[in-house]
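Listed below are the residues making up each chain.
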Amino acid sequence: MRIIRDPGRLNRLLKGVSRSGKSIGFVPTLGALHPGHLSLIKQAGQDNDLVVVSIFVNPAQFGPQEDLNKYPRPLKNDLALCRKHKVDLVFLPDQKIMYPEGFSTLVNVEGLSRLLCGVSRPGHFRGVTTVVAKLLNIVSPDVLYLGQKDAQQAIIIARMIKDLNFPVKVKVMPTVREKDGLAISSRNEYLGGQEKKDALVLSRALNLAKVLIKEGVKDTVRIISRLKQLINKNKNVKIDYIAIVDSTNLKPLKRVGGNCLVALSVYIGKTRLIDNVIVK
Ligand code: AMP
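Rules behind the numbers
Residues numbered from 1 in each chain as written. Predicted model: local features only at pLDDT ≥ 70, side-chain atom pairs only at ≥ 80, totals over all residues. Heavy atoms only, no water. Helix = DSSP H or I, 4+ residues; strand = E, 2+ residues; numbered from the N terminus. Expected span 1.5 Å × (residues − 1). Buried < 20%, exposed > 50% of the residue type's maximum accessible area, 1.4 Å probe, protein only. Arc of directions from axis to C-beta. Contact = heavy atoms within 4.5 Å. Pairing = 2+ DSSP bridges. Axes fitted to C-alpha atoms, helices over the stretch in contact; angles between N-to-C directions. Polar contact = N/O pair within 3.5 Å; in protein donor to acceptor, adjacent residues only side chain to side chain. Core = buried A, V, L, I, M, F, W, Y, C linked by side-chain atoms within 4.5 Å. Domains from an automatic or database assignment. Phe/Tyr/Trp six-rings, centres within 6.5 Å; stacked < 30°, edge-to-face > 60°. Salt bridge = Lys/Arg side-chain N within 4 Å of Asp/Glu carboxyl O. Left-handed = near helix turned anticlockwise from the far one by under 90°. Nonpolar A, V, L, I, M, F, W, Y, C, P; charged D, E, K, R; others polar. Right-handed = clockwise from strand over helix to strand, strands pointing away. Disulfide = S-S within 2.5 Å.

Draft legend 1. Looking closely at helix H1 (residues 7-19). Along its 13 residues, H1 runs 18 Å from first to last C-alpha, staying within 8% of the 18 Å computed at 1.5 Å per residue. Every buried residue of H1 is accounted for by Pro7, Leu10, Asn11, Leu14 and Val17. Along the axis of H1, the buried residues cluster in a sector spanning 120°; they form a single face. Exposed positions of H1 whose direction lies more than 90 degrees from the buried face are Arg12 and Arg19. Looking at the buried residues of H1, the elements they touch are strand E1 (2-4), strand E2 (24-29), strand E3 (50-55), strand E4 (89-91), helix H4 (95-98) and helix H6 (124-139). Taken from the residues just after H1, Gly21 is the one with a positive phi, measuring 90°.

Have a look at this one:
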């Protein structure tokens with residue numbers, strides 16, 4: 001496994017790989033790798049000749065009051081996990097090389113970036129699309145692997161790829177969960193013992209939505225109100241949003257139909273967690 005910090009060097013190396021007819025699978029991450037990331041890496045390995053993982057805590061996607069400084073950075077462990085899972089190349093740039101002095105270009109997917117998580121995290125998705133556009137130019141992968149856990153992020157990146165003609169396929173992998181249902185996230189590390197129990201309310205609420213929809217409830221206002229009731233029973237949990245939207249364009253749905261995305265975000269103490277499910 002090679003670790004490369006310089007974008008130019010990685011780009012030259014990977015151009016050679018592509019020219020030789022080999023396919024490249026790419027998994028961009030913020031590091032603090034966990035089974036969710038590893039499922040993407042495994043799939044990339046199954047589908048491609050070469051797997052590239054980037055580890056970069058991208059400052060552009062963190063708001064001024066957010067957790068950039070305390071975001072976990074267990075680099076040694078991350079590299080060991082990459083080695084174990086047969087990653088070929090790790091791209092490990094630093095902030096200066098990604099955002100040198102004078103950096104002034106931002107990529108923003110209008111509209112979609114302002115909905116759902118975009119309300120409480122203004123500028124977040126612009127930071128994500130800017131860095132992913134840069135990474136796609138550096139790596140030129142055949143397939144980009146993303147997680148359903150960050151459904152809105154995957155929808156926005158797919159939109160950017162289409163709009164800007166990036167020649168890359170997108171594969172969205174299912175959310176990996178703990179046995180108890182909690183979606184695995186690097187931010188779960190922030191949770192104390194009781195908070196981890198409180199966090200189960202996310203998957204419970206999504207399960208309730210699935211049950212209601214299966215029972216034939218179609219009115220989204222009614223479903224959302226039942227979810228609110230369930231979540232509000234726990235005083236340690238504060239709802240950021242609950243949304244039932246079209247899973248392709250994030251438009252709010254009045255009635256359940258087609259492919260709909262039930263997405264929610266809550267605060268457990270100071271930690272903001274998200275989860276979602278697609279109901280067909
Ligand atoms: P992050 O390091 O949080 O930016 O995540 C990197 C990639 O891993 C993103 O595409 C995420 O959606 C994906 N991911 C994170 N957590 C999970 C999970 N529990 N299951 C599946 N994919 C995940």
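Draft legend 2. Seen up close, the sheet that holds E3. The strand order E1-E4-E3-E2-E5-E6 describes an open sheet built from six strands, whose pairing is parallel. The two strands at the open ends of the sheet, each matched to only one other strand, are E1 and strand E6 (169-173). Going across the sheet, the axis of each strand differs from the next one's by a mean of 25°, ignoring polarity. Where E1 meets E4, three bridges bridge the pair, whose relative direction is parallel. In the strand pairing of E4, Ile3 is matched with Val90. Against the sheet, helix H2 (residues 35-47) engages E2, E3, strand E5 (143-147) and E6, with an angle of about 155° to E5. Along the sheet face, helix H7 (residues 151-163) touches E5 and E6 and points at about 155° away from the line of E5.

Draft legend 3. Local environment of the side chain of Thr175. Mapping Thr175 onto the fold places it in the loop between E6 and helix H8 (193-198). At a separation of 3.1 Å, a polar atom in the side chain of Thr175 contacts the main-chain amide nitrogen of Lys149. With residues up to four places along the chain from it excluded, the contact list for Thr175 reads Gln148, Lys149 and Ala183.

Draft legend 4. The arrangement of the nonpolar core in detail. Counting 45 residues, the largest nonpolar core has Leu14, Leu136, Leu144 and Met160 as the members making the most contacts within it. Take this core: its biggest share by element is nine residues, from H6. The residue makeup of this core includes at least three contributed by each of domain 1 (2-173) and domain 2 (186-279). Leaving out residues up to four positions away in the same chain, Leu14 has contacts with Ile24, Leu50, Val52, Leu89, Ile138 and Val139. Core analysis: the second largest hydrophobic core is formed by 29 residues, Ile213, Ile242, Val256 and Ile268 among them.

Draft legend 5. Seen up close, the packing of aromatic side chains. One pass over the full model with this rule turns up three aromatic pairs. Consider the rings of Phe56 and Tyr99, whose centres lie 6.3 Å apart with planes at 35°: the pair is tilted. In this pair, Phe56 sits in the loop between E3 and helix H3 (75-84) while Tyr99 sits in the loop between H4 and helix H5 (117-120), placing the two residues 43 residues apart along the sequence. Given the relative accessible area of 18%, Tyr99 is considered buried. Taking the centre distance of 5.7 Å and the plane angle of 80° together, the rings of Phe62 and Tyr71 count as edge-to-face. Residue Phe62 is classed as buried on the basis of its relative accessible area, which comes to 10%. Residue Tyr71 is classed as buried on the basis of its relative accessible area, which comes to 6%.

Draft legend 6. The arrangement of the pattern of salt bridges in detail. Scanning the entire structure with this criterion turns up seven salt bridges. Its salt-bridge partner being Asp67, residue Arg187 comes within 2.8 Å of it at the nearest N-O pair. Pair noted here: Arg187 is in the loop between E6 and H8 and Asp67 is in the loop between E3 and H3, with a separation of 120 residues, a long-range link.

Draft legend 7. A look at the packing of helix H9 (residues 200-214) against helix H10 (residues 220-232). Put simply, H9 and H10 touch, their axes get as near as 10 Å, and they point 150° apart. The two elements H9 and H10 meet at a crossing, and its hand is right-handed. Two secondary-structure elements touch here, H9 through Val201, Arg204, Ala205, Leu208, Ala209, Leu212 and Ile213 and H10 through Ile223, Arg226, Leu227, Leu230 and Ile231. Taken together, the residues of the contact of H9 with H10 sort by class into 10 nonpolar, no polar and two charged.

Draft legend 8. Inspection of the pairing of E6 at higher detail. As judged from the five bridges shared by E5 and E6, these two strands associate in the parallel manner. When the sheet's bridge partners are listed, Leu144 is paired in E6 with Val170. Regarding topology, H7 serves as the crossover connection from E5 to the parallel E6, and that connection is right-handed.

Draft legend 9. Structural context of the state of the cysteines. Here the structure, examined in full by the defined rule, presents zero disulfides. Just so you know, Cys117 is unpaired, no disulfide at all, and the nearest cysteine sulfur is the one on Cys260, 17 Å from it.

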